[in-house]
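Below, each chain spelled out in residue letters.
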Amino acid sequence: LRRARARRCAMPAPRDYVVVNGLRYVQPYFHTFDIRVSDKRVGSSVLTALDEQVRFQGRVGDGREHWARELASGRVRLASDVRRRLPTGGEIPEEWFAAPESLDAPVPPDSFFRVVRHVHEPCVGCEVPRVLLEDSMLVFVDKPAGVPTLAGCGPGLQGENNATRLLNRTRAENNAGADGELFAVNRIDKPVSGVWILAKGSRLAARCRAALAKPGHETKTYLARVRGAVNGPIRIDAPLSVGADGRATTSGDPNDSKPAVTLVHPVARYPPPRDDCVLVACRLERSGRFHQIRCHLASAGIPIANDAAYYSGADDSTMDDSTTDSSTRRGRDDGGGTEVYADDDDGTLLASVTDPRSFTASCLECGWAAAAAAGDDRAFDPLYKASCAAEWCKRVASGDVKRRGNVKRRRREQECEASAPRTGRRPRAGTSIDLHSAEYRIVFDGAEYAVRSGELPAFAMSALGADATIDDVVDALPWAGEGLEAAGRARLK
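Please read all numbers here as calculations on a predicted model, not as lab measurements. (Residues numbered from 1 in each chain as written. Predicted model: local features only at pLDDT ≥ 70, side-chain atom pairs only at ≥ 80, totals over all residues. Heavy atoms only, no water.)

**Quick look at the side chain of Ser193**
Piece 1. Mapped onto the elements, Ser193 comes out in strand S12 (residues 193-200).
Piece 2. Reaching out from Ser193, the side chain makes a polar contact with the side chain of His436 at a distance of 2.7 Å.
Piece 3. Non-local contacts of Ser193, meaning those with residues more than four positions away in its chain, are made with Lys143, Pro144, Ala145, Leu435, His436 and Ser437. (Helix = DSSP H or I, 4+ residues; strand = E, 2+ residues; numbered from the N terminus. Polar contact = N/O pair within 3.5 Å; in protein donor to acceptor, adjacent residues only side chain to side chain. Contact = heavy atoms within 4.5 Å.)

Set out below in structure tokens:
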């Protein structure tokens, strides 16, 4: 059965961005995409179909409020009866699309939406991956924490603020991308740092992934700072599945769980005030499941010390640093990062988000970004977020924004009101957890690669001292001299 072809959603050209307080913000941009309405939603309202099929991060307001603005701005159109009108398939003509009568109108059979979205990508840490090793097929890099390897920004759009795109952009700017675009072979969680693999071409990346899934073709070593006692080697053999909350779990349905084994070896204890923590090395003996190390360590009672997703005691920022008891005076242990949309003294971020070339007064996300950058804490309160965004859309459109004055005035107000409760709490971006991919050893197309991180992460240095090196740590591990074939046999057990 030949189908009508929706408009191809190509990767956008490199976007302008600004770096403020260690976070990278991409200038908003328009992205057009088509999406077919599924058969089960035929006859439902336009609002229901849009709400259930067109999802993305950062939307401001409830579904009706958001899509009413989009419809009124001409950014949502509908083409119906496409299969009958285009029986041999192909591109859907522009003139077939028209604005729906209302959000409550029923969706006709065989319909496509064409949506013009004003994209506001989430901000991320500003660091860019560093190349460790490159040949004609693969590129090994050191991925910084706080940047996702891949991060879809909505239907058909990978976006700009991810490590793959940043690396490709950097290579293009430095004329180092003559071999073509890089594609991720594996993934590393956003708050995790260390060795990561890309391939020169999508087909090569797929072939490499398939090869590494076979026993004896890869072994990975990670370093982690865990809280609890680790007096000797531990082997954690616990099948994993993904729970309803999006986290990995060892207590899920056995029929949905997949085998997973992690070896844990103690490396060093931390000095006070973190003397309840241990630096450990972990090796994935069997597979590399979603959040495998993070979940396995937590299930064994030795969670990563600042991994709030798997350890409820990770955020100690509320503790009083004047406490003298070393058992409670741990200081901030929440992964650091920077409050999102925290502007500098020059109002750089506010000037960027209200730039007339990208600011759209009908876009609530634009209003929200302006409010957040100006220091209006209502932007982070669910009760006031939408109304605050609408207010700032009008303020920016009318020119009622003094970029530098607003920032400095708001900063003085916050200093005066430091003791008062805040309307909304700002989330942080660029955060990390103390988990680092230290070494990746693989065999691919007859070549063997053994690539280590460029340097030890700071959390490991604080346990081992400033003179320690990545080679010192990895070479001292009990599995250091073990070949990939032996690792493969362990995975088959």
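Now, onward.
**Here we look at the sheet that holds strand S8 (residues 124-125)**
Piece 1. Taken together, the three strands give an open sheet; going across it, the order is S2-S3-S8, and neighbouring strands pair in antiparallel fashion. A single partner strand is all that each edge strand has here, and the edge strands are strand S2 (17-20) and S8.
Piece 2. Here strand S3 (residues 23-26) pairs with S8 via two bridges, running antiparallel. Looking at the pairing, Leu23 lines up with Gly125 of S8. (Pairing = 2+ DSSP bridges.)

**Considering the sheet that holds strand S5 (residues 76-79)**
Backbone hydrogen bonds are what pair the strands of a sheet, in a parallel or an antiparallel way.
Piece 1. Within the open sheet, the three strands sit side by side as S4-S7-S5. Their pairing is antiparallel. Each edge of the open sheet carries a strand with a single partner, namely strand S4 (29-36) and S5. Here the strands of the sheet are splayed against their neighbours by 20 degrees on average, with no regard to which way each runs.
Piece 2. Relative to strand S7 (residues 112-119), S4 is paired through eight bridges, and the arrangement is antiparallel. (Axes fitted to C-alpha atoms, helices over the stretch in contact; angles between N-to-C directions.)

**Observations concerning helix H6 (residues 292-299)**
Piece 1. In terms of residue burial, H6 counts as a mostly covered element, since six of its eight residues are buried.
Piece 2. Of the residues trailing H6, Gly301 is marked for its positive phi of about 85 degrees. (Buried < 20%, exposed > 50% of the residue type's maximum accessible area, 1.4 Å probe, protein only.)

**So, the packing of aromatic side chains**
Piece 1. Tallied over the entire structure, the rule returns four aromatic pairs.
Piece 2. Each ring, one from Tyr25 and one from Tyr341, has its centre 5.0 Å from the other, and the planes form 65 degrees; the classification is edge-to-face. Highlighted residues: Tyr25 in strand S3 and Tyr341 in the loop between strand S19 (338-339) and helix H7 (348-353), separated in sequence by 316 residues.
Piece 3. Given a relative accessible area of 5%, Tyr25 falls into the buried group.
Piece 4. Take Tyr341: its relative accessible area is 10%, and that puts it in the buried class.
Piece 5. Here the aromatic rings of Phe140 and Tyr449 are separated by 5.3 Å at their centres, their planes lie at 35 degrees, and the arrangement is tilted. Residue Phe140 is located in strand S10 (residues 138-143), and its partner Tyr449 is located in strand S22 (residues 447-452); the two are separated by 309 residues in the primary sequence.
Piece 6. Members of the aromatic cluster, joined through ring pairs, are Tyr25, Tyr341, Trp368 and Phe380.
Piece 7. Here the guanidinium or amino end of Arg24 rests over the ring plane of Tyr17, the centre of that ring lying 4.4 Å away.
Piece 8. Positioned over the ring face of Trp392 is Arg395, at 4.0 Å from the centre of the ring. (Phe/Tyr/Trp six-rings, centres within 6.5 Å; stacked < 30°, edge-to-face > 60°. Lys NZ or Arg CZ within 6 Å of the ring centre and 35° of its normal.)

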